[in-house]
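Per-entry structural report
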Amino acid sequence: MKADDDVYLRLAPLASSLQPLPRVDLYYGFVIPCPSMNAFVHYMSGMGFILSWDLVEWIGRSNIPANNTYGPEDKLVGQWLNLGNKAKNRFSNKPRMYDYPGTNGRCSHELIPDTIAVHRLKKWEQWVDVLRFFNVTKQLQPSDLYSISFD
């Protein structure tokens, strides 16, 4: 998986969502454009996407990626897979992957219990809000290592 550093990932729901999916030729994430639910429309958002190992190996040895390296990584990966006629198993996990509420119009919505990934956490307050929503901080004790109050 490739994920941005402003994404909160919930690994247990992510693993559960992958359980029934094929293990080969797999491209999984949040399809762009935002309103689309069709995983074959364009490419998966850079917030976080998963490639099966066979696709990772193909990227490493194919001339398609080697000769096409300029641009946003998420868009490039989608182009490489399309040009190589790869990723026959594409899955977009909307609405469980989304942008933080109010940060990106049609790509964002309110926090939901069934979340896999929340993107565009650019401010500490957004991280705290997400961590509180999912009760991640409930068992944390105060520490000298950080100065954010979770109470």
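You'll find the chain entered in an unreviewed UniProt entry as Hexosyltransferase, with Nicotiana sylvestris given as the organism. According to the UniProt record, the Subcellular location (unreviewed entry) comment for the chain is "Golgi apparatus membrane". What the UniProt record of the chain gives under Sequence similarities (unreviewed entry) is the line "Belongs to the glycosyltransferase 31 family."

Attention shifts here to the state of the cysteines. All told, the structure shown has one disulfide when counted by the stated rule. Here C34 is linked by a disulfide to C107, with a sulfur-sulfur distance of 1.3 Å. Within this pair, whereas C34 is found in the loop between β4 (31-32) and β5 (43-44), its partner C107 is found in the loop between β8 (97-99) and β9 (117-119), the two being separated by 73 residues in sequence. This pair shows no difference in class: C34 is buried, exactly as C107 is.

An order of β1-β6-β3-β7 is seen for the four strands of this open sheet, with the pairing classed as mixed. In the strand order of this sheet, the two ends are held by β1 (2-3) and β7 (89-92), each with one partner. Of the pairings in the sheet, the one linking strand β3 (residues 26-29) to strand β6 (residues 48-51) comprises two bridges and is antiparallel in character. Looking across to β6, one finds that Y28 is bridged to I50. Contacts from helix α2 (residues 53-61) reach β3 and β6 within the one sheet, and its direction differs from that of β6 by about 90°.

Conventions and cut-offs
Residues numbered from 1 in each chain as written. Predicted model: local features only at pLDDT ≥ 70, side-chain atom pairs only at ≥ 80, totals over all residues. Heavy atoms only, no water. UniProt positions renumbered as here; feature names shortened; annotations may be inferred. Disulfide = S-S within 2.5 Å. Helix = DSSP H or I, 4+ residues; strand = E, 2+ residues; numbered from the N terminus. Buried < 20%, exposed > 50% of the residue type's maximum accessible area, 1.4 Å probe, protein only. Pairing = 2+ DSSP bridges. Contact = heavy atoms within 4.5 Å. Axes fitted to C-alpha atoms, helices over the stretch in contact; angles between N-to-C directions.

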